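The chain contents come next:
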Amino acid sequence: MTQPLRFSGVMPANVLPFTSDLAIDEPAYRRHLRWLADTRGVTGIVANGHASEVSSLNREERRRSLAIALDEVGSGCPIVAGVYSDGTQDAVDLARDARAEGAAGLLVFPPTLFMWGAQLKPDMVLRHFSEIAARVDLPIVVFEYPPASGIGYSPDTLARLAEIPQVAAVKDWSNDIVAFERNLRAIRATGRPVAVLSSFTMSLMASFLMGADGAISGMGSVVADLQAELFDACRKGDLDGARRINDRLDPLVRVFYAPPFVDMHNRMKEALVMLGRIPAAHVRPPLTPIPEAERRAIRAALDGARL
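Residues numbered from 1 in each chain as written. Predicted model: local features only at pLDDT ≥ 70, side-chain atom pairs only at ≥ 80, totals over all residues. Heavy atoms only, no water.

Put simply, the largest pocket is a space of about 440 Å³. Taken together, 21 residues make up the lining of the largest pocket; nearest its centre are His50, Ser55, Tyr84, Val262 and Leu287. In the lining of the largest pocket, the residues fall into 13 nonpolar, 6 polar and 2 charged. In this structure, the second largest pocket encloses a volume near 220 Å³. Residue lining of the second largest pocket: 14 residues in total, with Arg40, Gly41, Ala228, Asp232 and Arg235 positioned closest to the centre. Taken together, the elements giving at least two residues each to the lining of the second largest pocket come down to β1 (9-12) and α8 (220-236). (1 Å grid on protein atoms, 1.4 Å probe; cavity = no way out; pocket = protein on both sides within 12 Å on 5 of 7 lines; lining within 4 Å. Points joined across faces, edges and corners; volume = space filled by probe spheres on them. Nonpolar A, V, L, I, M, F, W, Y, C, P; charged D, E, K, R; others polar. Helix = DSSP H or I, 4+ residues; strand = E, 2+ residues; numbered from the N terminus.)

Dropping the structure here:
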């Protein structure tokens, strides 16, 4: 029986393995999904997120990657589908695809159009989400970007989004602990049961201690087990245990999120190859493979994390 979708705990965003000709490597993908779903503390998986190089996937590939995830692990692990689009109608179409396939929820990315001043027109944001919510009846996770990106939402806008009945969670990637706390307080003040899921992977322990209900993280593709242990320790108030786990995560955080930031998921794929979980780290253009020096740094970080 499919487990109910609970917006708490660790929900890794899966990487998507490709073959040498850059097609979806289905056998490798299935093995990767199985490892994630079988990891203690994982409460769901996000397909078609940043970690899957979603911007390189056409609509049919997004349907296929979601269908594979649902077929492989969906009977026991809820699957949330990313909705990555610059237009509201296209977002509705992608959300309908996800519902038709059997997704348990939607992770709605902000349209890049918002970077041109939508923070001054929150009605644009509300219209975008309200249209999706009205036409596709699935729980929605609002994807909050860093304020510096120009497409992040203010605390007031997040609070207004939280009033939409279908909005069940916010994935907070503000990457600023002050902004994170303000967002958390604004959402909690609405009185609605809207979860705050940290995507602040560079300071995950701090966001857990602040009160995050869990995490959605591409780095979870590599260390979902450690992230789940960290969440559990923070929830229990075991600060010494949380620090020990955080110390293991630190070398990986530093190597995965080093400049240029755009290569974070390339590096995670390389780590999964070194761990024997996927066969190759192929990435689609415009991404390019990382240099050998970075591979050595990743291997050292894996050693430092005792993986």
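Moving on, we come to the pairing of strand β5 (residues 140-144). Two faces belong to every sheet, and in a regular strand the side chains alternate between them. Counting buried residues in β5 gives 5 out of 5 residues, a clear majority hidden from the surface. Neither face of β5 is open: one carries Ile140, Val142 and Glu144, the other Val141 and Phe143, and all of them are buried. Bridging between strand β4 (residues 105-108) and β5 involves 3 bridges; their strand directions are parallel. Looking across to β5, one finds that Leu107 is bridged to Val141. A crossover links β4 with its parallel partner β5, the connecting element being helix α4 (residues 122-135), and its sense is right-handed. Sheet analysis places β5 next to strand β6 (residues 167-172), joined by 5 bridges and oriented parallel. When the sheet's bridge partners are listed, Glu144 is paired in β6 with Asp172. Taken together, β5, helix α5 (residues 155-161) and β6 form a β-α-β motif whose crossover is right-handed. (Buried < 20%, exposed > 50% of the residue type's maximum accessible area, 1.4 Å probe, protein only. Pairing = 2+ DSSP bridges. Right-handed = clockwise from strand over helix to strand, strands pointing away.)

A few words now on the packing of aromatic side chains. For the structure shown, the criterion picks out 10 aromatic pairs. Between the aromatic rings of Phe129 and Tyr153, the centroid separation amounts to 6.1 Å while the plane-to-plane angle is 85°, which identifies the pairing as edge-to-face. Within this pair, whereas Phe129 is found in helix α4, its partner Tyr153 is found in the loop between β5 and α5, the two being separated by 24 residues in sequence. Pair check on accessibility: Phe129 and Tyr153 agree, each one buried. (Phe/Tyr/Trp six-rings, centres within 6.5 Å; stacked < 30°, edge-to-face > 60°.)

This next bit is on the side chain of Thr43. Turning to its location among the elements, Thr43 is positioned in the loop between α1 (26-37) and β2 (45-47). A distance of 2.5 Å separates a polar atom in the side chain of Thr43 from the backbone oxygen of Ser8. Ignoring anything within four residues of it in the chain, the contact list for Thr43 reads Arg6, Ser8, Gly9, Val10, Met11 and Pro78. (Polar contact = N/O pair within 3.5 Å; in protein donor to acceptor, adjacent residues only side chain to side chain. Contact = heavy atoms within 4.5 Å.)

What follows concerns the sheet that holds β6. Across the sheet, which stays open at both edges, the 8 strands sit in the order β1-β8-β7-β6-β5-β4-β3-β2 with parallel pairing between neighbours. Edge positions in the sheet fall to β1 and β2, since each has one partner strand and no second. Each neighbouring strand pair of the sheet contributes to a mean axis angle of 30°, computed without reference to strand direction. In this sheet, strand β8 (residues 214-217) lies alongside strand β7 (residues 195-198) in parallel orientation, the contact comprising 2 bridges. What sits directly across from Leu197, in β8, is Gly214. (Axes fitted to C-alpha atoms, helices over the stretch in contact; angles between N-to-C directions.)

From the geometry alone we can't say anything about function, so treat these as descriptive.
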